[in-house]
Amino acid sequence: MKRLLVLVLCLSLLGLPACAGQSRYGPSLFELASERAVMTKTPDGTVTQPKLVISDRDVMTRTSTVEGIWEKRDQRARGLGIGTPLAQIGLGFLPSIISLFVDVTPLGAIISGASALLGKFIEVINPDQRIEAYADGRKMLMDARNEYLEKQKEDIPQDRLTDAGRVLARRTDCAIGVVDNTISGKVSNTADVSCATGK
């Protein structure tokens, strides 16, 4: 029974990303710029506040981080989609096997109930919808990054934010919104979708 409770609690943690804000996508652009900012001391001993400069490099780092996070979540959803039906089948046979050795009718009812609960839980998480949403999100980010690289002919600036970098940052944020809406069962508005796809 304890193992079943642990399994249900672990599976419930998979649903939490749909409840959190964008902080679950790694450091924000402001946090990335803050990591590079350094306080300096002048010769007379006064400390100057660092100037925070969000750069194209920060935007590229954030876009890659989001893409990596979606890749990991996609793998988890795939594992959940494969493992859950097998667990339900196993839980379905368990009362029959146990009843061959011992008469434990209440235990069979508990196991059957746990199997039904697991099925309902998976319906809520909907691994197939998550897999599709993460794949669409990664495609949107890949297209946005490729368009950025086509426009940005020189090295990626680390000291300034270009217009192409602003567009990439906006498209990354829109893609996050579209994926989050899809996972939570909401329909994204046309403006967010067109922002994320660049069309």
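Quantities reported herein were computed from a predicted structural model and do not represent experimental measurements.

The rules behind the values
All residue numbers here refer to positions counted from 1 along the written sequence of the relevant chain. Only residues with pLDDT of at least 70 get local features here, since the model is predicted, and only at 80 or more are side-chain atom pairs given and counted; chain-wide, interface and lining totals rely on the full set of residues. No hydrogens and no water enter the side-chain calculation; it runs on all heavy atoms of the structure. Counting from the N terminus, the helices are DSSP H or I runs at least four residues long and the strands are E runs at least two residues long. Summary of the burial criterion: residues with accessible area below 20% of their type's maximum are buried, those above 50% are exposed, and those between are partly exposed, where the area comes from a 1.4 Å probe applied to protein chains only. Pairs of residues are marked as contacts when any of their non-hydrogen atoms sit within 4.5 Å. Each accessible area value is a Shrake-Rupley result obtained with a 1.4 Å probe; residue values ignore everything except the protein chains displayed when judging cover. In what follows, salt bridge is the name for a side-chain nitrogen of Lys or Arg lying within 4 Å of a carboxyl oxygen of Asp or Glu. The angle between two axes is taken between their N-to-C directions and runs from 0 to 180 degrees, where each axis is a line fitted to C-alpha atoms and a helix contributes only its stretch in contact. Orientation categories follow fixed angle ranges, with anything under 35 degrees roughly parallel, anything over 145 roughly antiparallel, 65 to 115 roughly perpendicular, and all other angles oblique. Directions from the helix axis toward the C-beta atoms define the arc. Think of a nonpolar core as a cluster: buried Ala, Val, Leu, Ile, Met, Phe, Trp, Tyr and Cys residues, connected wherever their side-chain atoms sit within 4.5 Å. Less than a right angle of anticlockwise turn of the near helix away from the far helix marks a crossing as left-handed, whereas a clockwise turn marks it as right-handed. Residues are grouped as follows: nonpolar covers Ala, Val, Leu, Ile, Met, Phe, Trp, Tyr, Cys and Pro; charged covers Asp, Glu, Lys and Arg; every other residue, Gly included, is treated as polar.

**Quick look at the overall build of the protein chain**
So, point 1. Counting secondary structure elements, the protein chain contains 7 helices and 2 strands.
So, point 2. The linear arrangement of helices and strands in the protein chain, starting from the amino end, is α-α-β-β-α-α-α-α-α.
So, point 3. Residues classed as buried in the protein chain amount to 33% of the 199 residues present.
So, point 4. A sequence separation of at least 24 residues applies to 73% of the contacts in the protein chain between residues at least 6 apart.
So, point 5. Surface accessibility of the protein chain: about 12,200 Å² in total, with carbon and sulfur atoms responsible for 62%.

**A few points about the pattern of salt bridges**
So, point 1. In this structure the tally under the stated criterion is 8 salt bridges.
So, point 2. A salt bridge links aspartate 74 to arginine 138, with the shortest nitrogen-to-oxygen separation between them at 3.9 Å. One end of the pair, aspartate 74, is in helix H3 (residues 56-101); the other, arginine 138, is in helix H5 (residues 127-151), with 64 residues separating them in the sequence. By the burial criterion, aspartate 74 is buried, and arginine 138 matches it.
So, point 3. Its salt-bridge partner being glutamate 147, residue arginine 171 comes within 2.7 Å of it at the nearest N-O pair. Within this pair, whereas arginine 171 is found in helix H6 (residues 163-183), its partner glutamate 147 is found in helix H5, the two being separated by 24 residues in sequence.
So, point 4. A relative accessible area of 32% places glutamate 147 in the partly exposed class.

**Digging into the packing of H5 against H6**
How two helices sit against one another is set out by the angle between their axes and by the gap between those axes.
So, point 1. H6 packs onto H5 with a crossing angle of 175 degrees between their chain directions and a minimal axis gap of 9 Å. One element, H5, and the other, H6, form an angle in the roughly antiparallel class.

**What to know about helix H2 (residues 29-36)**
So, point 1. Turning to H2, its buried residues number three or more, namely Leu29, Leu32 and Ala33. Looking straight down H2, one finds its buried side chains confined to an arc of 95 degrees; they lie on one side. Within H2, the exposed residues directed more than 90 degrees away from the buried face are Phe30 and Glu35.

**Brief notes about the nonpolar core**
So, point 1. If you look at the biggest cluster of nonpolar residues, it comprises 16 residues, and the most contacted ones within it are Tyr25, Val66, Trp70, Met140, Ala175, Val179 and Ala196.
So, point 2. Counting only elements with at least two residues in this core, the list comes to H3, H5, H6 and helix H7 (190-197).
So, point 3. The greatest single-element share of this core, amounting to 6 residues, is contributed by H6.
So, point 4. Beyond its immediate stretch of four places on either side in the chain, valine 179 contacts Trp70, Ala133, Tyr134, Gly137 and Met140.
So, point 5. Judged by nonpolar contacts, the second largest core, of 9 residues, contains Val59, Met60, Ala144 and Leu168.

**Comments concerning the packing of H6 against H7**
So, point 1. At a closest axis distance of 7 Å, the pairing of H6 and H7 adopts a crossing angle of 130 degrees. Here H6 lies oblique to H7, going by the angle between them. Two packed elements cross with a definite hand, and for H6 against H7 that hand is left-handed. Residues Arg170, Arg171, Cys174, Ala175 and Val178 of H6 touch H7, and the partners they reach there are Asp192, Val193, Cys195, Ala196 and Thr197.
So, point 2. Across the contact of H6 with H7, the residue classes break down as 6 nonpolar, 1 polar and 3 charged.

**Digging into the side chain of arginine 171**
So, point 1. Owing to a relative accessible area of 4%, arginine 171 belongs among the buried residues under this scheme.
So, point 2. Among all residues touching arginine 171, those that are not within four sequence positions of it are Met140, Asp143, Ala144, Glu147, Cys195, Ala196, Thr197 and Gly198.

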